[in-house]
Amino acid sequence: MKIKLPVMAALGLASIGHCAEPQPTLKEAFQNYFLIGAALNANQFSERDSRGAAIVKAQFNTITPENVLKWEAVHSEPDKYDFEPGDQYVKFGEKNGMFVIGHTLVWHNQTPRWVFRDGEGKQLTREALLKRMQDHIQKVVGRYKGRIKGWDVVNEALNEDGTMRRSLWLTIIGDDYLQKAFEFAQEADPAAELYYNDFALENAPKRKGAIELVKKLMAAGVHLKGVGLQNHDRMDWPTSQQLGDTIEAFAKLGLQVMITELDVDVLPRAARPGSADVSLKVAGSTSMNPYTNGLPDSVQQALAKRYGELFSVLIAHHANVKRVTFWGVTDADSWLNSWPVRGRTSYPLLFDREGKPKPAFDAVMKAATAGDSKAPARTETQ
Ligand code: XIL
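Now for a description of the structure that goes with this document.

How each quantity is defined
- Residues numbered from 1 in each chain as written.
- Predicted model: local features only at pLDDT ≥ 70, side-chain atom pairs only at ≥ 80, totals over all residues.
- Heavy atoms only, no water.
- 1 Å grid on protein atoms, 1.4 Å probe; cavity = no way out; pocket = protein on both sides within 12 Å on 5 of 7 lines; lining within 4 Å.
- Points joined across faces, edges and corners; volume = space filled by probe spheres on them.
- Helix = DSSP H or I, 4+ residues; strand = E, 2+ residues; numbered from the N terminus.
- Phe/Tyr/Trp six-rings, centres within 6.5 Å; stacked < 30°, edge-to-face > 60°.
- Buried < 20%, exposed > 50% of the residue type's maximum accessible area, 1.4 Å probe, protein only.
- Lys NZ or Arg CZ within 6 Å of the ring centre and 35° of its normal.
- Near = heavy atom within 4 Å.
- Areas by Shrake-Rupley, 256 points an atom, 1.4 Å probe, with all protein chains shown as cover.
- Sits in = over half its atoms within 2 Å of the grid points.
- Salt bridge = Lys/Arg side-chain N within 4 Å of Asp/Glu carboxyl O.
- Pairing = 2+ DSSP bridges.
- Right-handed = clockwise from strand over helix to strand, strands pointing away.
- Contact = heavy atoms within 4.5 Å.
- Nonpolar A, V, L, I, M, F, W, Y, C, P; charged D, E, K, R; others polar.

Overview of empty space enclosed by the protein
In total, this model carries 1 cavity of 30 Å³ or more according to the counting rule given. The computed volume of the largest cavity comes to approximately 100 Å³. Lining the largest cavity are 14 residues, and of these His232, Arg234, Asp265, Ser275 and Trp339 sit closest to its centre. Elements with a contribution of two residues or more to the lining of the largest cavity: β7 (232-234) and β8 (256-265).

Some points on the packing of aromatic side chains
Enumeration over the complete set of coordinates arrives at 18 aromatic pairs. Note on Tyr291 and Tyr347: the rings are 6.4 Å apart at their centroids and 70° apart in plane angle, and the pair reads as edge-to-face. Of the two residues, Tyr291 sits in the loop between β8 and α12 (297-316) while Tyr347 sits in the loop between β9 (321-326) and α13 (359-374), which places them 56 residues apart along the sequence. When the centroid spacing of 6.0 Å and the interplanar angle of 20° are considered together, the rings of Phe311 and Phe326 count as stacked. Here Phe311 is found in helix α12, whereas its partner Phe326 is found in strand β9, with 15 residues between them in sequence. Just as Phe311 is buried, Phe326 falls in that class too. Among the aromatic side chains, those forming a connected cluster through ring pairs are Phe30, Tyr33, Phe34, Phe60, Tyr307, Phe311 and Phe326. A cation over a ring is seen here: Lys206 above Phe199, with NZ or CZ 3.7 Å from the ring centre. The side chain of Arg353 reaches across the aromatic face of Tyr347, ending 5.0 Å from its centre.

Focus: the site of the ligand
As a structural note, the neighbourhood of the ligand is formed by 15 residues, with Glu66, Asn67, Lys70, His103 and Glu261 the closest of them. With the chains in place, 84% of the 420 Å² that the ligand exposes on its own is no longer accessible. Using a 2 Å cut-off from the grid points, one finds that the ligand occupies the largest pocket.

Details of the pattern of salt bridges
Throughout the structure, instances matching the rule amount to 15 salt bridges. We note a salt bridge from Lys206 to Asp198, for which the minimum N-O separation is 3.2 Å. An identical accessibility class is assigned to Lys206 and Asp198; each is buried.

Details of the pairing of strand β4 (residues 150-155)
For β4, the buried fraction is high: 6 of the 6 residues fall into the buried class. Sheet topology note: the strand β3 (residues 99-106)/β4 ladder contains 4 bridges and is parallel. Looking at β4, one finds that Gly102 is bridged to Trp151. Once you follow β3 into helix α7 (residues 126-143) and on to β4, the crossover reads as right-handed. In terms of strand pairing, β4 meets strand β5 (residues 193-198) through 5 bridges, oriented parallel. Bridge pairing in β5 places Val154 opposite Tyr196.

Describing helix α4 (residues 50-59)
Three or more residues of α4 are buried, namely Gly52, Ala53, Ile55, Val56, Ala58 and Gln59. In this structure, the buried side of α4 is in contact with α2 (26-29), β1 (35-40), α3 (42-45), β2 (62-65), α6 (84-95) and α13.

Points about the layout of surface pockets
In this structure, the largest pocket spans a volume of roughly 430 Å³. As for the largest pocket, its lining consists of 21 residues, and the residues nearest its centre are Gln110, Val278, Trp335, Ser338 and Trp339. Looking at the lining of the largest pocket, its residues break down into 8 nonpolar, 7 polar and 6 charged.

Overview of the pairing of strand β6 (residues 226-229)
Each regular strand displays side chains that alternate between the two surfaces of the sheet. Both faces of β6 are covered, namely the face carrying Gly226 and Gly228 and the face carrying Val227 and Leu229. Across 4 bridges, the pairing between β5 and β6 is parallel. Of the residues in β6, the one forming a bridge with Tyr195 is Gly226. Crossover β5 to β6 through helix α10 (residues 204-219) is right-handed. Pairing of β6 with β8, which is carried by 4 bridges, proceeds in the parallel orientation. Bridging across to β8, Val227 finds its partner in Val257.

The values reported here are purely geometric and, on their own, carry no functional implication.
Structure representation (C-alpha cells):
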C-alpha cells in the first residue's frame, strides 16, 4: 500500500525524490545518538539546486557552510565584507530548524595574503595582526550572534607530528594566537559554542599534540566547547580502534567531540591517509581516475561496509559524539572530485550523482537500527 504524502510527514517519513516508497531519514534514524548534517554550497542553501536542497531538508538537522564564511569569501579585501551568501545560508538553516555551524575564523588556507601585510606590503606586527583578527572575528561572529550556534574558531593549527604548524598566524603573533582567537570569538558571541577543528587527529603523534594544545587553551580559561575531527577518511584509515580512542581521549578532557567533515575516498591514494591539506596538488592520470563510468559493484559494496563500520563506532561512542557532518550532499558536489587531483570522479558520500541514496546510505541506516536494538533510546538530550 502506498502511503500518502501528508501521512508520511505525520509519520516522520520522507520520500527521497526518485522512490515512491517512503524511506526513513538519517535525522530520524540518528535522533537518539547525535545531530547529523552536511556542508552546503551556495547552490544548495539558495535552493538553486532544488534537488540538493530537498535532500538536505529531508535528511539533515545541522549544516556547515562549505566555503562562504571562510576569510577569502566573506572578507576578500581590507574594507570589504560580503555577507550576502552567509546571510542566505543562516536563513536557510533557521527556516528549516537546523543547528547552524560557522566555518571557519582562523586558518592558514583560503585567507588572502593582504591579511598578513600592511599597505606597503610589509609583514604586519603582532599587534596589528591581532587587531585585524579581532576586527574580523567581531564582524563575522557578531553578525550572526545567537544564530550561528557553533564556530570552528581555529582550523588545522597542527602538523602531522603534533607540533604547531608554522603558519603566518603563528610566526607573526606567536603561540597564543589560538587563545586570542577564542577570546575574540567569546567576546563577539558569549553563547556560541567554540571549537578547535583539524584532520588526522586519529594518528597518535598528532592526537598527542592536539591534546596538549586543547589542555593549554582550557588552562588559559577560554571557552573551548569541543573538538572537530574532520574525518576525510579512506577505506583503511582510520581504524575503528583509532577513531574510538580519539573520541574518548578528547571526551575525557570534558570536551564534546564532533565529526565535522566526513567522507570516504575510494579512489587511488594521492595524499597521506587522513590528510586534507587543501593546498596539495597532485597530477592526474587515467590510473588515478579509474571509475569514470560508474563504481563497480564490489567497490560500492565495500564502501557501504566501510560506512557501516564507521557508524557502528560512532554509535558505540554516541554519548561523547555531539554531531556527525558529511562534507557535501551528493557525490557530484564533493570536493574530492577536484582534490588533490583535479577532474576525478569520486564517490565519497551517501547520495549518488542523481541524488539517490547509495548502498552506503542503507548501511548507515542499518547501523542505527542495530544500535537501537542494543541500547534503549535515551530520553535526555545530549
Ligand atoms: C574545501 C572545500 O570543500 C572546497 O570547495 C575548497 O575549494 C577548499 O576547501 N578541510 C576543511 C574544509 O576544513 O574547509 C575544506 O573544504 C576541506 C578540508
